[in-house]
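Descriptive analysis of the structure
Residue strings, one per chain:
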Amino acid sequence: MASTPGNQKTTHSENSQGKKSHHAEEATFYMNCRAAYLTVLKSSLENIKSKDQLSLVLQQAGRNPSQKTINKYWTSQTSSLNFDDFCAILKKEKPATKNELLEAFGKIDTDKAGYISHDELCKILTTRGDKMTWEEVTSITKQADFNCNGKLDYNKFCELYLSIREQCCKAARDRLEIDPRLRQQHFGNQTENVPEGITLPVSKPSPRVSRKPDHKLAKGDSRAPSRPSSAQSSKASSSTTVTVGASSSRNTKLIIEPDTMKEWQCAQSRGCFYLEENGEIISHKYRLHLPQRSALCITIKPFSIPQAQGRSCHWLSVDTALFILKENETQENLQLVSFTELQNKEMFGWRGELGAGVYWLLPFTTGCRLRKGKTQITGEAKLVWRDEDGELALTKEFRAALLDIFETIDLDGNGLLSLEEYNFFELRTSGEKCDQEAWAVCKENFEMKKNELTRQGFLDLNLMEANDQDGDPWDLWVTLLSLGYNRALEMTEACPFVIDICAERCKPRIKAISLEAGGSQLSRALCRSVVNKGEAKGLDGSENIFIHTYRSGSRITSVIENKSENKVIIHVNNEQSKNCLNNRGLTVFAVEVAPKSMMVSQHVMALNEQEEWIYSCVHSLVC
């Protein structure tokens, strides 16, 4: 049944509110991070220099790190940790809830009396798991409320623990709020999801430097001076303002005339972006072979999985792009040819002519919408159940998720999994490959066609894994979580995509080569694309620092170019922006740019594309 306009409006409103709520949660998280950090350190640009400092700053953030936890993040190779590292640690080390604490105590209190003895507690803490010293245990029990029989009411103890933790966090936030000096330090050096800087081969003046305040960035966009008070005292600064109308980010049409392409030869490959635990994004990389010179059309877009239709598909709003690089003598020596800058709704594309040879296709997403977030999950989905005969079976929901996964990892889209395709799945979920001998065993036990695994064979393989664990879904969840699913079986931390290549004069061949982070090649291509296509402005008062700004369809990217002989720290202020979302998760931050290099400052997109959004940014030289 078709939905009414009223229903569509309600759904849009709910989605908009959900995006704003998520954005507010992220802002609160980073505010708490800064509050805790600045309780111990003088500036967000100052690094943590010892284990003791790390322990103290984590405690100020309401965590109670054990020595094992500290050692996990401060190894023998660690000399310092910056604000970015601290934020990443807090994302991984979630504070314990009251239910989790009560559950832990309940395992000790086998009689379920609500009490445990002093001796029992001491024995557990000093002999099991992450063992504590007697001194550490004594410091805890001194604050605990043991009754005259030497027993601890652990429910009251949990309430005390949570109360002290919240008081600690609140004190840090209050101190940040009342101290003007600390309020100016509301920035860090977060580099999560941001490509590394690249070294400039030659230092020469930029041909696109413009100091005119009203210079046009693109049709319908404008720039105007905007300098918040926090940047006025800086040595040098540059401001950029771009106003984008509602939905105009998707108005650039990728024109493909069907009649002219009827006889063109096409190739297709699927792939996926996966969000790592530390916020890094990895994806498939591809090699394209053209036997002769030809006109080409190359597109990339999020993959609309057939089985997922009718369900919530978070990844369909994720931005995608593709960088085309020419392979010369070696794989390391890749030259940027172009990138997909034309847009038609969620599809990005490029049209042009390429000579015969080998090219690399590097998929890219900004991380603005594919990012770690807090999703409210009411309950954990069930993966397996037992029938009347006591035999294990996959639940309907789990089967649907597995069929979606099959569509994603079936890179050539032929409805079967080759050993090569299956190994991308294995590398992602277990870190190991399946060899020819193991594949032969699969062939004996699971349905295959032409030496490739069918959908039913893939389902049976996962059922066998469940049987091997006697119904324990732990291993199955490891697979699902590594593929971007949450406990409600929603794909929230991955984005499947599909690449289409059409050539006029020859048959193109595309092959997935690896599944990894973008690395220096993608960083270099990304920076070069912005410098080549964007507008450049020099920092007023500085001859060697340039800010390149480029709008590509639904996103705006800025690159900082440092032509000087010294490293610089650039303060970035987005406080005057409206309805914007950036990949760093911070409104105000700072980045360090090495000498003779350039790096991405930030990617920015609309929080709600149905409303006007304003990108207003001030880049200022700190030192």
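Structure shown above.
What you see is a predicted model, and the numbers here were worked out from it, not measured in a lab.

1. Some remarks on the sheet that holds strand β22 (residues 568-573)
Spatially, the 4 strands line up as an open sheet ordered β4-β26-β22-β24, and their pairing is antiparallel. This sheet does not close on itself; its edge strands, each paired only once, are β4 (237-244) and β24 (588-593). Averaged over all neighbouring strand pairs, the angle between strand axes comes to 20°, with direction disregarded. Relative to strand β26 (residues 613-621), β4 runs antiparallel, the two sharing 8 bridges. If you follow S238 over to β26, its bridge partner there is H619.

2. What about the side chain of D410?
Here D410 is to be found in the loop between α10 (396-409) and α11 (419-429). The buried charged residue D410 lacks any salt bridge partner; its closest oppositely charged side chain belongs to R270, at an N-O distance of 4.0 Å. A distance of 3.3 Å separates the side chain of D410 from the backbone nitrogen of N414, its partner in a polar contact. Setting aside anything within four residues of it in sequence, one finds D410 in contact with R270, G415, L416, L417 and E421.

3. Examining the side chain of R584
The topology assignment puts R584 in the loop between β23 (580-582) and β24. The class for R584 is buried, based on a relative accessible area of 0%. Within the structure, R584 has its side chain in polar contact with the backbone oxygen of V600 (distance 3.3 Å).

4. Digging into the nonpolar core
Counting residues in hydrophobic clusters, the biggest one holds 72 residues, and the most contacted among them are L361, I405, L453, F458 and I499. If we skip the residues at most four places from it in the chain, L361 touches K285, Y286, L288, L322, F323, I324, I499, I501 and I510. Judged by nonpolar contacts, the second largest core, of 43 residues, contains F29, A61, L81 and C580.

5. A closer look at the environment of E166
As for its placement among the helices and strands, E166 is situated in helix α8 (residues 154-178). Here the alpha-carbon distance between E166 and Q60, two residues 106 residues apart in the chain, equals 9.7 Å.

6. Notes on the pattern of salt bridges
Taken as a whole and assessed by the stated rule, the structure comprises 19 salt bridges. Residues E353 and R293 are paired through a salt bridge, measuring 3.3 Å at the closest nitrogen-oxygen approach. With E353 in strand β11 (residues 347-354) and R293 in the loop between β6 (281-290) and β7 (294-302), this residue pair connects regions lying 60 residues apart in the sequence. Overall, E353 belongs to the partly exposed group, its relative accessible area being 43%. A residue is classified by how much of its surface remains accessible, and R293, at 47% relative accessible area, is partly exposed. Its salt-bridge partner being E504, residue R505 comes within 4.0 Å of it at the nearest N-O pair. Residue class for E504 comes out partly exposed when judged on its relative accessible area of 38%. Salt bridges sharing common partners tie together R293, E353, E504 and R505.

7. Details of the pairing of β11
Judged from the 7 bridges that link them, β7 and β11 form a sheet pairing that is antiparallel. Bridge pairing in β11 places S294 opposite L354. Inspection of the sheet shows strand β10 (residues 342-344) paired to β11 by 3 bridges, in the antiparallel sense. Pairing of L342 across the sheet is with G349, part of β11. Between β10 and the antiparallel strand that follows it, β11, lie 2 residues; K345 among them carries a positive phi value of about 60°.

8. What to know about α11
Owing to its 3.6 residues per turn, the α-helix brings residues three or four apart onto one side. When you tally the buried positions in α11, you get 9 out of 11 residues, the bulk of the element. All of the buried residues in α11 are L419, E421, Y422, N423, F424, F425, E426, R428 and T429. Of the residues flanking the end of α11, it is G431, one or two places downstream, whose phi is positive at about 80°.

The rules behind these values
- Residues numbered from 1 in each chain as written.
- Predicted model: local features only at pLDDT ≥ 70, side-chain atom pairs only at ≥ 80, totals over all residues.
- Heavy atoms only, no water.
- Pairing = 2+ DSSP bridges.
- Helix = DSSP H or I, 4+ residues; strand = E, 2+ residues; numbered from the N terminus.
- Axes fitted to C-alpha atoms, helices over the stretch in contact; angles between N-to-C directions.
- Buried < 20%, exposed > 50% of the residue type's maximum accessible area, 1.4 Å probe, protein only.
- Lys, Arg positive; Asp, Glu negative; His and termini not counted.
- Salt bridge = Lys/Arg side-chain N within 4 Å of Asp/Glu carboxyl O.
- Polar contact = N/O pair within 3.5 Å; in protein donor to acceptor, adjacent residues only side chain to side chain.
- Contact = heavy atoms within 4.5 Å.
- Core = buried A, V, L, I, M, F, W, Y, C linked by side-chain atoms within 4.5 Å.

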